[in-house]
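For reference, the chains in residue letters:
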Amino acid sequence: MADKITLEVARYSPEQDGEPRFDRYEVPLIENWMVLDALNYIKDQLDGTVTFRWSCRMGICGSCGMVVNGHERLTCETLLADYLPGPIRVEPLRHFPVMRDLVVDLSDFMEKLERVKPWIIRQPGAPEPSREFIQTPEQLAEYKQYSLCINCVLCYSACPVYGLDPHFIGPAASALSLRYNLDSRDQGAEQRLDVMAQHDGVWDCTVIGECSVVCPKHVDPSLAIQEYKISATKAWFKNLLMPGGGK
Amino acid sequence: MARRSAESLPWSLFGAGGFMVAFFFPIHILLFGILIPLGLIAAPTHTGMLALVNHPLTRLYLFGFCALGLLHAAHRLRFTLSDMLRLKHLDTLLGVLAYGAALVGVAVTIDLLI
Amino acid sequence: MPSAVPRYRPYERRMPLLWWLQRWNYTWFILRELSSAFVAWWVVVTLIQIASILEGPQAYAAFQAWMAQPLLIIVNIVSFIFILFHTLSWFRLVPQAMLPRIGGKRTSAVMTGAPMYVVWAVASVVVACFALGVF
Ligand code: FES
């Protein structure tokens, strides 16, 4: 087995560069090293200016997402050895503006995330429970899958529709929004549908499905979006038959 | 707060058309487009076909076949063209062209079957 | 919200024109969606077929001669392949998207997908029997 492997790291300096370039670094190929370990080796030993985000190193904080050899990955759980003999090309996530090297600007996602109200909403005046809410395992199972999202936005990077039209609400926001609709304690489904059923909500999705493929937590955002289309359509026809009815 | 979109209408027709196409189109193309033209199956006689087409239920079926097929295709083509050729900014125009053409087709179908 | 900080310029990217060749999944998606063009084509053929039947035996014979041209047979074989692709992908996607629950319970894609194959088979047999005068 080779004892070194080459990384081609996308570099972009907002003060100096008009375009990103690739810098090549040779790193030791150590068993069980992840791509993130290699990047940290580069930063510590070879070139302190390489910039990237990371925190937990265990696939839970969602900050180390990058495009590795063309595919979205959490670099803290992507083995170097899987890419032998190399080189490994490391790029920032797609579609988002690149701030520096491997760091992208997530403001757009943050705005969308807030817009879909991913928190428990209670109707004003709804009776306060006298103790904690009880949930059965079945009620938990309804939304568990969606609640595993760690906001790593690999799905946005893999979604061509978001790349083509940044107004599209996108995969993770849809999954996290539906997660609360499916929660037995929540009463905010109508408010969220107001957001998701708008023109720049879920309608641009053409079910390419790559969001669900790249998700490191096996969330299925594509399904969430289709469920929203169905809810929106049911509500639309209901409103057509009985305008303003039922409220 | 912006309004909920009316996309529900074309989307539900797209969905209904998707079932129509999935269930009924393959056999039509296989029979009338491939097997009969190749002479592998004897062509049905004109008398038989006329009797069939003149039955009201067949006409209802053919109307659903053509109308839903067209509306399905229009919706999908609208999104395919805008995705494939990066024409999102022309979405309104593509919508007018695609659904407009489909509605013309539906009108022709009605004219033919009534 | 525009940030107060940046005097620098973030690098904005645009999708390449041929983005759908970047990954197999994207290419499959475009092929699947292009089936709609063949759907439209086949509706046109069907309308011509109905018109020729209603017009009379001569027009019907002309329609059949038209369909028997090699070029049209090739177009129809290609159409058939695309429509089959539509059918199979529809049966795979719909259970995921539209029927995830039966009676309030989540069911597997196989459970909801299998009946659609049955409906497809029955529909095909029924259409063939009517078209070929078995009934
Ligand atoms: S560093 Fe936290 S997910 Fe990779």
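The following paragraphs examine the structure supplied in this document. This one's a predicted model, so the numbers in the text were calculated from it and none came from an experiment.

So, about the overall build of chain B. Scanning chain B for helices and strands turns up 4 helices and 0 strands. Written out in order from the N terminus, the α and β elements of chain B read α-α-α-α. For a compact globule of 114 residues, the expected C-alpha radius of gyration is about 13 Å, and chain B comes in at 17 Å, more than 25% above that figure. Once the C-alpha set of chain B is aligned to its principal axes, its extents read approximately 60 × 30 × 20 Å. Relative to its full complement of 114 residues, chain B shows a buried share of 54%.

Residue and element names in this part refer to chain A. Cis geometry is adopted by the peptide bond preceding Pro85, which originates at Leu84 and carries an omega value of 0°. For Pro85, the location among the structural elements is in the loop between strand S4 (71–74) and strand S5 (88–91). Here the amide bond leading from Gly86 into Pro87 is cis, since omega sits at -5°, within 30 degrees of zero. Examined against the element boundaries, Pro87 turns out to sit in the loop between S4 and S5. Although it is not a glycine, Asn69 adopts a positive phi angle of roughly 45°. Relative to the helices and strands, Asn69 resides in the loop between strand S3 (65–68) and S4. When its relative accessible area of 35% is taken as the criterion, Asn69 is described as partly exposed. We note that His218 has phi near 60°; this positive angle belongs to a residue other than glycine. Its place among the elements puts His218 in the loop between helix H8 (210–214) and helix H9 (221–241).

A few words on the sheet that holds S5(A). Residues and elements named next belong to chain A. Taken together, 5 strands build an open sheet; the order of strands is S2-S1-S5-S3-S4 and the sheet is mixed. Of all the strands in the sheet, just strand S2 (21–28) and S4 have a single pairing partner and so form its edges. With strand direction ignored, the average angle separating the axes of adjacent strands in the sheet is 35°. Of the strand pairs in this sheet, S3 and S4 are connected by 4 bridges, and their pairing is antiparallel. From the neighbouring strand, Met66 faces S4, where its bridge partner is Arg73.

Contact with chain C, which involves 22 residues of that partner, is made by 34 residues of chain A. Across the chain C/chain A interface, buried area totals approximately 2,400 Å², and carbon plus sulfur atoms make up 52% of it. Considering only the side of chain C, the residues that lose the most area to chain A are Tyr11(C), Arg13(C) and Arg23(C), jointly responsible for 30% of the buried surface there. Across the contact surface, chain C and chain A share 2 salt bridges. Linking Glu210(A) and Arg23(C) is a salt bridge whose minimum nitrogen-to-oxygen distance equals 2.9 Å. Viewed at the interface, chain A and chain C are joined by 12 residue pairs in polar contact (both at pLDDT 80 or more).

Between its first and last C-alpha, H9(A) extends 31 Å over 21 residues, near the 30 Å set by a 1.5 Å rise per residue. Every buried residue of H9(A) is listed here: Pro221(A), Ser222(A), Leu223(A), Ala224(A), Ile225(A), Gln226(A), Glu227(A), Tyr228(A), Lys229(A), Ile230(A), Ala232(A) and Thr233(A).

Moving on to the packing of helix H6 (residues 171–181) of chain A against helix H7 (residues 189–196) of chain A. Residue and element names in this part refer to chain A. At their nearest, the axes of H6 and H7 sit 9 Å apart, and the two run at 160° to each other. The pairing of H6 with H7 is recorded here as roughly antiparallel in orientation. The chirality of how H6 crosses H7 is left-handed. Facing Ser174, Ser177, Tyr180 and Asn181 of H6, the residues of H7 in contact are Ala189, Arg192 and Met196. Of the residues that constitute the contact of H6 with H7, the class distribution is 3 nonpolar, 3 polar and 1 charged.

Thresholds applied
Residues numbered from 1 in each chain as written. Chains lettered and ligands numbered in written order. Predicted model: local features only at pLDDT ≥ 70, side-chain atom pairs only at ≥ 80, totals over all residues. Heavy atoms only, no water. Helix = DSSP H or I, 4+ residues; strand = E, 2+ residues; numbered from the N terminus. Rg over C-alpha atoms; globule rule 2.2 N^0.38 Å. Buried < 20%, exposed > 50% of the residue type's maximum accessible area, 1.4 Å probe, protein only. Pairing = 2+ DSSP bridges. Axes fitted to C-alpha atoms, helices over the stretch in contact; angles between N-to-C directions. Contact = heavy atoms within 4.5 Å. Buried area = accessible area lost by both parts, 1.4 Å probe. Salt bridge = Lys/Arg side-chain N within 4 Å of Asp/Glu carboxyl O. Polar contact = N/O pair within 3.5 Å; in protein donor to acceptor, adjacent residues only side chain to side chain. Expected span 1.5 Å × (residues − 1). Parallel < 35°, antiparallel > 145°, perpendicular 65-115°, else oblique. Left-handed = near helix turned anticlockwise from the far one by under 90°. Nonpolar A, V, L, I, M, F, W, Y, C, P; charged D, E, K, R; others polar.

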